[in-house]
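Next come the chains, spelled out residue by residue.
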Amino acid sequence: MPFYETVFITRQDLSDAQVKAITESCEKIIKDGKGKVVKTENWGLRTLAYRINKNKKGHYVLIKMDA
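Residues numbered from 1 in each chain as written. Predicted model: local features only at pLDDT ≥ 70, side-chain atom pairs only at ≥ 80, totals over all residues. Heavy atoms only, no water.

Trainee: Explain the sheet that holds strand β3 (residues 55-66) to me, using residue names and the numbers behind them.
Mentor: Reading across from one edge, β1-β3-β2 is the order of the 3 strands in this open sheet, with antiparallel pairing throughout. Either end of the sheet is taken by a strand with one partner, and the two such strands are β1 (3-11) and β2 (36-52). Between one strand axis and the next, the sheet turns through 25 degrees on average, direction left out of account. Bridging between β2 and β3 involves 11 bridges; their strand directions are antiparallel. Looking at β3, one finds that L45 is bridged to H59. Running at roughly 30 degrees to β3, helix α1 (residues 16-32) makes contact with β1, β2 and β3 of the sheet. (Pairing = 2+ DSSP bridges. Helix = DSSP H or I, 4+ residues; strand = E, 2+ residues; numbered from the N terminus. Axes fitted to C-alpha atoms, helices over the stretch in contact; angles between N-to-C directions. Contact = heavy atoms within 4.5 Å.)

The following block contains the structure:
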């Protein structure tokens, strides 16, 4: 299977527990599709390069997978 990396950004007003729950649901979707999550990195709250829907920051999460 090919190796992929995906970075997604969640809203700045979410708590760490909510970001973790979203990450776990994404991992479940990958596993249900017969993929394999190799590594997950939470990069934390970072400043965006430009505003998106009036948000200046976001929680960044990297998922490396075989899918």
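Trainee: Outline the packing of aromatic side chains, listing residues and values.
Mentor: With the rule as written, the count across this model stands at 1 aromatic pair. Aromatic side chains W43 and Y60 sit 6.5 Å apart centroid to centroid with 20 degrees between the ring planes, which places their arrangement in the stacked category. Separated by 17 residues along the polypeptide, W43 in strand β2 and Y60 in strand β3 bring together distant segments of the chain. Given a relative accessible area of 35%, W43 falls into the partly exposed group. (Phe/Tyr/Trp six-rings, centres within 6.5 Å; stacked < 30°, edge-to-face > 60°. Buried < 20%, exposed > 50% of the residue type's maximum accessible area, 1.4 Å probe, protein only.)

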